[in-house]
Amino acid sequence: MKWFKTNNEIVQFLINFFLIETLGHIAIYLICLLFRIFGMPQLYQFMYSSPLIHHITFTLFLLIAITLSVINILKHKKQ
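Attention in this report is confined to the structure presented alongside it. Going along each chain's sequence as written, the residues are numbered from 1 onward. Per-residue local features of the predicted model are confined to residues with pLDDT of at least 70, and side-chain atom pairs are confined, for both listing and counting, to 80 or more; whole-chain, interface and lining totals are unaffected and use all residues. Working from all heavy atoms in the structure, the side-chain values ignore hydrogens and water.

1. A word on the packing of helix α1 (residues 9–37) against helix α2 (residues 41–49)
Here comes step 1: One can describe the packing of α1 onto α2 by two numbers: an axis separation of 6 Å at closest approach and a directional angle of 140 degrees. Relative to α2, α1 is oriented oblique. From α1, Ile28, Tyr29, Cys32, Leu33, Phe35 and Arg36 reach across to α2, where they touch Pro41, Leu43, Tyr44, Met47 and Tyr48.
Here comes step 2: Here the residues of the contact of α1 with α2 sort into 10 nonpolar, no polar and one charged. An axis is simply a line fitted to the C-alpha atoms; with a helix, the fit covers only the stretch in contact. Between two such axes, the angle follows the N-to-C directions and lies from 0 to 180 degrees. Helix numbers and strand numbers start at the N terminus; a helix is a DSSP run of H or I with at least 4 residues, a strand a run of E with at least 2. Oblique is the label for any angle not under 35 degrees, not over 145, and not in the 65 to 115 range, which are roughly parallel, roughly antiparallel and roughly perpendicular in turn. Contacts are assigned to residue pairs that have any heavy atoms within 4.5 Å of one another. Residues are sorted three ways: Asp, Glu, Lys and Arg are charged, Ala, Val, Leu, Ile, Met, Phe, Trp, Tyr, Cys and Pro are nonpolar, and all the rest, Gly among them, are polar.

2. Examining α1
Here comes step 1: Working rule for helices: expected span equals 1.5 Å times residues minus one. In this model, α1 (29 residues) spans 41 Å end to end at C-alpha, consistent with the 42 Å of a helix rising 1.5 Å per residue.
Here comes step 2: Burial here depends on accessible area, computed with a 1.4 Å probe over protein chains only, as a share of the maximum for the residue type. Under 20% is buried, over 50% is exposed, and the range in between is partly exposed. Inspection of α1 places Gln12, Phe17, Ile20, Glu21, Gly24 and Cys32 among the buried residues, and these make up the whole buried set.
Here comes step 3: For α1, the elements touching its buried residues are α2 and α3 (53–78).
Here comes step 4: Polar contact is defined as a pair of N or O atoms within 3.5 Å, subject to the rule that within protein one atom must be able to donate a hydrogen and the other to accept it, and that residues adjacent in sequence are counted only when both atoms are side-chain atoms. Where α1 begins, one side-chain oxygen reaches toward the backbone nitrogen of Ile10, 3.3 Å away; that side chain belongs to Asn8.
Here comes step 5: Two residues or fewer past α1, Gly39 is found with a positive phi of approximately 90 degrees.

3. A short note on the packing of aromatic side chains
Here comes step 1: A pair of Phe, Tyr and Trp rings is counted when the ring centres sit within 6.5 Å of each other, with Trp represented by its six-membered ring. The angle between the planes then sorts it: under 30 degrees is stacked, over 60 is edge-to-face, the rest tilted. Summed over all chains, the structure comprises four aromatic pairs.
Here comes step 2: Measuring from ring centre to ring centre gives 6.0 Å for Phe13 and Phe17, while their planes differ by 5 degrees; the resulting arrangement is stacked. With Phe13 and Phe17 both in helix α1 and four residues apart, the pair spans about one turn of that helix.
Here comes step 3: For Phe13, a relative accessible area of 22% corresponds to the partly exposed category.
Here comes step 4: Under the relative-accessibility criterion, Phe17 is labelled buried at 15%.
Here comes step 5: An angle of 80 degrees between the planes, with centres 5.5 Å apart, marks the rings of Phe17 and Phe58 as edge-to-face. On the criterion of sequence distance, the pair formed by Phe17 in helix α1 and Phe58 in helix α3 is long-range, its members being 41 residues apart.
Here comes step 6: Given the relative accessible area of 37%, Phe58 is considered partly exposed.
Here comes step 7: Ring pairs connect the aromatic residues Phe13, Phe17 and Phe58, which therefore count as one cluster.

If you want it as structure tokens, here you go:
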């Protein structure tokens, strides 16, 4: 399978953001579930009882995606 390649930064940003957001939430859920399985349900309860935690994680993943896009743009600008 050949990966889709493009020089359009907006498309790359959207793909990066979607992948980071999806994989990040899956990773957070699995870490919370792992702690819950091993007898530490406090993190799981905190993550799913706090209404702001989803906004915080969304913002964190958005900043990561923006950072990756800026690095990619600067790398292509030097070439």
